[in-house]
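# Structure assessment
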Amino acid sequence: TFPERDRVILELLYGCGLRNSELVGINLADIHWSNGAILVRGKGKKQRLVPFGESASAALSAYLPAREKVLKERKRTSPALLMNWRGGRLTTRSVGRIVKLFAVTRGLPPDLHPHTLRHAFGTHMLEEGADLRAIQEMLGHERLATTQRYTQLSMKHVVQVYDATHPRAK
């Protein structure tokens, strides 16, 4: 296991709302420490800067020495941020297994996958009052309609909370 790397995976999937393919495509040079953002290559070879928070920054800082140690032991170099224990770039399939293992070992539903974390990011941002267009930009959605799916998820949650707690809901 590679716990520092696995924490970075979870922090970037949930904390930045990245797609699995975007995550594994990140190179070390794509991390812009000065402005707290990561250059992400999305669908259709489109690039965007995605901000990352303190938690992701701390995870990255803890992971980088472990990454260097693996490369040194394997006598390899790699531009990739996320690597397997042999020093090669991590695959989307490996990320899926890591997320599933994380879920299972913590009593979460075993069908948790990387895209679930992306959806949670969008939904939580919306529930906390983020502007729909800002969420669209962060998720790299070409069309606002794609992002609006999160509104429907959030509205469902609002109705459930209302029904469960408002005295006049019954």
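The sections below set out a description of the structure shown in this document. (Residues numbered from 1 in each chain as written. Predicted model: local features only at pLDDT ≥ 70, side-chain atom pairs only at ≥ 80, totals over all residues. Heavy atoms only, no water.)

## Re the side chain of R5
Threshold: Secondary structure counts use DSSP, requiring at least four H or I residues in a row for a helix and at least two E residues in a row for a strand, with both numbered from the N terminus. For every residue, the accessible area obtained with a 1.4 Å probe (protein chains only) is divided by the maximum for its type, and the residue is called buried under 20%, exposed over 50%, and partly exposed between those limits. By the convention used here, residues are in contact when the closest approach between their heavy atoms is within 4.5 Å.
On the secondary structure map, R5 appears in helix 1 (residues 3-16). The class for R5 is buried, based on a relative accessible area of 9%. Contacts of R5, omitting those with residues within four sequence positions, involve Y63, L82, M83, N84, L90 and I98.

## Notes on the packing of helix 1 against helix 4 (residues 92-105)
Note the cut-off: Only the stretch in contact is used when fitting a helix axis, every axis being a line fitted to C-alpha atoms; angles between N-to-C directions are given from 0 to 180 degrees. The scheme is simple: roughly parallel for angles under 35 degrees, roughly antiparallel for over 145, roughly perpendicular for 65 to 115, oblique for anything else. Side-chain classes follow a simple rule in which Ala, Val, Leu, Ile, Met, Phe, Trp, Tyr, Cys and Pro form the nonpolar group, Asp, Glu, Lys and Arg form the charged group, and the remainder, Gly included, forms the polar group.
As a packed pair, helix 1 and helix 4 sit with axes 11 Å apart at the nearest point and diverge in direction by 95°. As far as their axial angle goes, helix 4 and helix 1 are roughly perpendicular. Here helix 1 contributes R5, D6, I9, L10 and L13 to the contact with helix 4, which in turn contributes V95, I98, V99 and F102. Split by residue class, the contact of helix 1 with helix 4 holds seven nonpolar, no polar and two charged.

## Description of helix 4
To keep it simple, the criterion reads: Take the number of residues in a helix, subtract one, and multiply by 1.5 Å to get its expected span.
Relative to the 20 Å expected for 14 residues at 1.5 Å per residue, helix 4 spans 20 Å between its end C-alpha atoms, a close match to the ideal helical length. When we look at burial in helix 4, the residues that qualify are S94, V95, I98, V99 and A103. Positive backbone phi, approximately 75°, marks G107, located one or two places after helix 4.

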